[in-house]
Amino acid sequence: MTDLDHLTQSLARNLRRWRGERGFTLDTLAARAGVSRGMIIQIEQARTNPSVGTTVKLADALGVSVTALLDYDQEPRVRVVQPEEAVRMWSTEAGSATVLLAGVQAPGPLELWGWTLVSGEGSTSDAHPAGTQELLHVRAGELTLVLDGEEYRVPAGSSASFEADVPHGYRNDGTETVEMSMVVSVPPVR
């Protein structure tokens, strides 16, 4: 079984499990996530590997971390994630990438991400649920953070925090590759 097959199977199992634990019907989850009922069925039957955006929308709608959707095993008291176990969620041929390094589920999803953005590339995100917070630290380069259409410069050595309940994005408008770490905290589903 390839890594992609393993990821697809884990996502199928976990999506069914979390949807069942929340008592959400297919239609309820589809409405909450803004994802079609048919797409959810295909994911739950392991017939498709959804985009990062779709996976994030489903996790947000369920009030769980992306890690909870992708990881089948119950988390032990201390879980060491080896580099080869980190999940590459997005990448480009030029070399930009995001890697989900680790995540926990208490009281709501809390995720640690590693980002690489090469010159001229970026990534956008839809608004997350109200109360979602993001913290980021730029280790190299200068990040252009776009929050609800307003741009903020975050140079190497600097950090930023913001409420991520509006559309937002990350760009590298400079010539040096941006290396950053990000923590995302999503409030629990009520």
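Further up the page is the structure itself.
Since the model is a prediction, treat every value here as computed from it, not as a measurement.

Peer 1: Kindly report on unusual backbone geometry, identifying the contributing residues and their values.
Peer 2: Despite not being glycine, Ala 46 shows a phi value in the positive range, around 55°. Residue position: Ala 46 is located in the loop between α3 (37–44) and α4 (52–62). By relative accessible area, which is 22% here, Ala 46 ends up partly exposed.

Peer 1: Please provide a residue-by-residue account of the environment of Thr 8, values included.
Peer 2: The residue Thr 8 is located in helix α1 (residues 3–22) in this model. Along the primary structure Thr 8 and Pro 50 are separated by 42 residues, whereas in three dimensions their C-alpha atoms are 8.7 Å apart.

Peer 1: A description of the nonpolar core should follow, citing residues and the corresponding values.
Peer 2: The nonpolar side chains of soluble globular proteins are, as a tendency, buried together. Grouped together as the largest cluster of nonpolar side chains are 43 residues, with contacts concentrated most on Leu 58, Leu 69, Leu 136, Leu 143 and Tyr 170. With five residues, the top contributor of residues to this core is α4.

Peer 1: Let's hear about the pattern of salt bridges: which residues, and what values?
Peer 2: Under the counting rule described, the total for this entry stands at nine salt bridges. Between Asp 173 and Arg 153 there is a salt bridge, with the nearest N and O atoms lying 3.2 Å from each other. One end of the pair, Asp 173, is in the loop between β9 (168–171) and β10 (178–185); the other, Arg 153, is in strand β7 (residues 150–155), with 20 residues separating them in the sequence. Exposure remark for Arg 153: the relative accessible area of 47% places this residue in the partly exposed category. Put simply, Arg 171 and Asp 173 hold a salt bridge, and the shortest N to O gap is 2.9 Å. Under the relative-accessibility criterion, Arg 171 is labelled partly exposed at 28%. On the basis of relative accessible area, Asp 173 is assigned to the partly exposed category, the value being 44%. A single salt-bridge network, built from bridges that share partners, covers Glu 151, Arg 153, Arg 171 and Asp 173.

Peer 1: Can you tell me about the packing of helix α2 (residues 26–33) against α3, naming the residues and giving the values?
Peer 2: Two elements in contact, α2 and α3, have axes separated by 9 Å at closest approach and are oriented at 110°. The angle between the axes of α2 and α3 places the two elements in the roughly perpendicular class. The element α2 and its partner α3 pack so that their crossing is right-handed. Residues Leu 26, Asp 27, Leu 29 and Ala 30 of α2 pack against Arg 37, Ile 40, Ile 41 and Glu 44 of α3. Among the residues forming the contact of α2 with α3, the class breakdown is five nonpolar, no polar and three charged.

Peer 1: So what's going on with the side chain of Ser 96? Residues and values would help.
Peer 2: Residue placement: Ser 96 occurs in the loop between β1 (87–91) and β2 (97–105). The class for Ser 96 is buried, based on a relative accessible area of 0%. Of note is the side chain of Ser 96, whose polar atom sits 2.8 Å from the backbone nitrogen of Val 118. There is a polar contact of 2.4 Å between the side chain of Ser 96 and the side chain of Glu 121. Apart from residues no more than four positions distant in its own chain, Ser 96 is found in contact with Trp 90, Ser 91, Thr 116, Leu 117, Val 118 and Glu 121.

Peer 1: Would you mind going over the pairing of β9 in detail, with residue names and values included?
Peer 2: Two faces belong to every sheet, and in a regular strand the side chains alternate between them. Sheet analysis places strand β4 (residues 122–125) next to β9, joined by four bridges and oriented antiparallel. When the sheet's bridge partners are listed, Ser 123 is paired in β9 with Tyr 170. In terms of strand pairing, strand β6 (residues 142–147) meets β9 through four bridges, oriented antiparallel. By the bridge assignment, Leu 147 is partnered in β9 with His 168.

How each quantity is defined
- Residues numbered from 1 in each chain as written.
- Predicted model: local features only at pLDDT ≥ 70, side-chain atom pairs only at ≥ 80, totals over all residues.
- Heavy atoms only, no water.
- Helix = DSSP H or I, 4+ residues; strand = E, 2+ residues; numbered from the N terminus.
- Buried < 20%, exposed > 50% of the residue type's maximum accessible area, 1.4 Å probe, protein only.
- Core = buried A, V, L, I, M, F, W, Y, C linked by side-chain atoms within 4.5 Å.
- Salt bridge = Lys/Arg side-chain N within 4 Å of Asp/Glu carboxyl O.
- Axes fitted to C-alpha atoms, helices over the stretch in contact; angles between N-to-C directions.
- Parallel < 35°, antiparallel > 145°, perpendicular 65-115°, else oblique.
- Left-handed = near helix turned anticlockwise from the far one by under 90°.
- Contact = heavy atoms within 4.5 Å.
- Nonpolar A, V, L, I, M, F, W, Y, C, P; charged D, E, K, R; others polar.
- Polar contact = N/O pair within 3.5 Å; in protein donor to acceptor, adjacent residues only side chain to side chain.
- Pairing = 2+ DSSP bridges.

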